[in-house]
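Notes for the structure review
Read off the chains here:
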Amino acid sequence: MKLYCLSGHPTLPCNVLKFKSTTIMLDCGLDTTAALYFLPLPLVHSPRLSKLPGWVSKDGAINLEKKELLDLSTIDVILISNYHCMMALPYITEHTGFTGTVYATEPTLQIGRLLMEELVTFMERVPKAQAATCWKNKEIQRLLPGPLKDAVDVWSWRKCYSVQEVNSALSKVQLVGYSQKVELFGAVQVTPLSSGYSLGSSNWIIQSHYEKVSYVSGSSLLTTHPQPMEQSSLKNSDVLILTGLTQIPTANPDGMLGEFCSNLSMTIRAGGNVLVPCYSSGVIYDLLECLYQFMDSANLGSTPFYFISPVANSSLEFSQIFAEWLCQNKQSKVYLPEPPFPHAELIQTNKLKHYPSIHGDFSSEFRQPCVVFTGHPSLRFGDVVHFMELWGKSSLNTIIFTEPDFSYLDALAPYQPLAMKCVYCPIDTRLNFHQVSKLLKDIQPLHVVCPEPYTQPPPAQPHRSDLMLELQPPPMSYRRCSVLGLPFRRRYERIHLLPELARSLVPSEIKAGVSVATVSAVLQSKDNKHVLQPVPKPAPVPPSKKRKRVMEEPPEVLNPKPLLSGAVPLEPFLATLHKNGITEVKVEETADGHILHLQTEDVLIQLEEDATHIICDNNEPLRTALRDLVLRFLQKL
């Protein structure tokens, strides 16, 4: 069993597990932090950005280096944990020769589709006049200004996929429900379990008849809108692959939510606007619910909220219709009937308005002061770029970062000098180190495998040993492009007996409560299932051909040797030898049993717990006689 690590980002994993002749990809997260190396893509002309000097390579076309740890066309299935961990799916399904199946829950598929379509729209509505690739050459890259000259593996960076590629990729997804068991080629069985992190998010159990691997990625024990995490099914795992822990282990989500509301109200009271760069699904549902209650209690109920995204309407609707994937409290509202999320009421009362972009109705209906939720959290593309240009020059306005995926200082760098206030309130509900240590203590896997950063304190806080995994035995760690041999070997395989063969067995009791029977059968293996069938009877042959046919049959098929069980007791065996005229016997004790030297006959007999050896040169009749004496003490099966 081997694990290939294809991603260096612990919260955007991509691993490949080879298990029982199947090749399983675990997630395919898309690391977009490389966008921070580039300038923002403005929706309208920006004089400030357009005046920046360009950089032109004098070299012509180049040959890009290509490295590959694993042939992705050999992948049989892809298991998706949550919609953030499937954003690279089109790159794999459309460009590698992949012909397998992708498994995901319905909310993961639908919201993942929205996030991909949003990304494509962000890219395609601001097309670049020209494209360049020469800078990816190592010799040219080192001439670039920082941080691009220090970027790793720029040869692997790709253009954004298209809507057609998104649709083609998602057509390969097969929907599954929690606790649904899916057979993979008869070799292993995979089962999704609720991970408690987002709508439809899953952990996965991958098991054969005798081995069990658990994959825990992006899980939460906090009470938010998704179904709670299922923990009991993770018990008795031979290996647990752990990834997707919180990126901000020192920040309490409830505390960050309080800071978010406090800073937002201060800005609104002072007449300023609040900009929240966020994803179009996930934490935004909890933010809107929290603000729904907070704004009324703070006498700011008239403040308008704007949610701007090409998929804003679909995202808000999906959150209301996936009732069976929500926590029990929100599920019960559906049967009252009430909408599970309060943003439905915010929309009805015009406190929350959503628009596909800043163009069209938004520009005529927009009023200030207000709160705007829009993407992208990197501040490099999307409608957020326009608001940074629009509001950045006023100290009355505030930008509040809630997504932990990007360094907020790096995100703000192209907009400096900046007058607007910046507040960092990252909200990450995924497991922290304390929670995961308690979880692992409860479910007790034999072995834990995790990304290397989880096995050591953060570089900025080397004294914080509480911000790492401390387990016994220590976890196995992996890094990008590493290959791990997982620490257990398959020992058993399940084999089925056909009824007619089972009826022919005659068990013999070898000790109290233990019976065995010999089997002479043909083993048929097909589709990773093994069946013992009766040995086919030879067809009747004419008398003239009988002798030839007997000679052709292997002797072990015609006359299978019996199996022996039991032990040869020393004293009774010596007495038997004496009765049969063998009296001069020298006995030597060994670590495994005894050696009997029959001095007159010059024969050695080794009596061991699981074997008996008779060493007798050039006297076959004596050897046969001694063998028969040994067999008196053993059972034949």
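None of these values were measured; they are calculated from a predicted model.

The next thing to look at is the sheet that holds strand 21 (residues 495-497). Spatially, 21-25-24 is the arrangement adopted by the three strands of the open sheet, whose pairing is mixed. Of all the strands in the sheet, just strand 21 and strand 24 (521-526) have a single pairing partner and so form its edges. Each strand of the sheet is rotated relative to its neighbour by a mean of 30°, with strand direction disregarded. Sheet topology note: the strand 21/strand 25 (residues 529-534) ladder contains three bridges and is parallel. Bridge assignment links Ile495 to a residue of strand 25, and that residue is His530.

Going through the model one piece at a time under the given rule, you end up with twelve salt bridges. A salt bridge links Lys172 to Glu94, with the shortest nitrogen-to-oxygen separation between them at 3.2 Å. Here Lys172 is found in the loop between helix 5 (163-170) and strand 6 (173-175), whereas its partner Glu94 is found in helix 2 (residues 89-95), with 78 residues between them in sequence. Using a relative accessible area of 24% as the deciding quantity, one classes Glu94 as partly exposed. Here Lys351 makes a salt bridge to Asp296, at a shortest N to O gap of 3.7 Å. Pair noted here: Lys351 is in the loop between helix 10 (343-348) and strand 14 (352-355) and Asp296 is in helix 7 (residues 283-297), with a separation of 55 residues, a long-range link. Residue classification places Asp296 among the partly exposed residues on the basis of a relative accessible area of 43%.

So, on to the pairing of strand 25. Here strand 24 runs beside strand 25; their pairing, made up of six bridges, is antiparallel. Looking across to strand 25, one finds that Leu523 is bridged to Leu532. Counted between consecutive antiparallel strands, the loop separating strand 24 from strand 25 contains two residues, among which Asp527 sits at a positive phi close to 55°.

Next up on the list: the UniProt feature "domain: Beta-Casp" (unreviewed entry) in the protein. On the UniProt side, "domain: Beta-Casp" (unreviewed entry) is annotated at positions that read residues 284-412 here. Between the end C-alpha atoms of residues 284-412 there is a gap of 21 Å, over a span that is 43% helix and 12% strand.

Below, the discussion takes up the layout of surface pockets. Any empty space left between atoms is shown by rolling a water-sized probe over those atoms. Empty space within the second largest pocket amounts to approximately 360 Å³. Around the second largest pocket, the lining is made up of 18 residues, and of these Thr223, Thr224, Asp254, Leu257 and Asp286 lie nearest the centre. Contributing elements (two or more residues each) for the lining of the second largest pocket: helix 6 (253-269), helix 7 and helix 9 (328-334). In terms of residue class, the lining of the second largest pocket is made up of eight nonpolar, six polar and four charged.

What counts, and where the lines are drawn
Residues numbered from 1 in each chain as written. Predicted model: local features only at pLDDT ≥ 70, side-chain atom pairs only at ≥ 80, totals over all residues. Heavy atoms only, no water. Pairing = 2+ DSSP bridges. Helix = DSSP H or I, 4+ residues; strand = E, 2+ residues; numbered from the N terminus. Axes fitted to C-alpha atoms, helices over the stretch in contact; angles between N-to-C directions. Salt bridge = Lys/Arg side-chain N within 4 Å of Asp/Glu carboxyl O. Buried < 20%, exposed > 50% of the residue type's maximum accessible area, 1.4 Å probe, protein only. UniProt positions renumbered as here; feature names shortened; annotations may be inferred. 1 Å grid on protein atoms, 1.4 Å probe; cavity = no way out; pocket = protein on both sides within 12 Å on 5 of 7 lines; lining within 4 Å. Points joined across faces, edges and corners; volume = space filled by probe spheres on them. Nonpolar A, V, L, I, M, F, W, Y, C, P; charged D, E, K, R; others polar.

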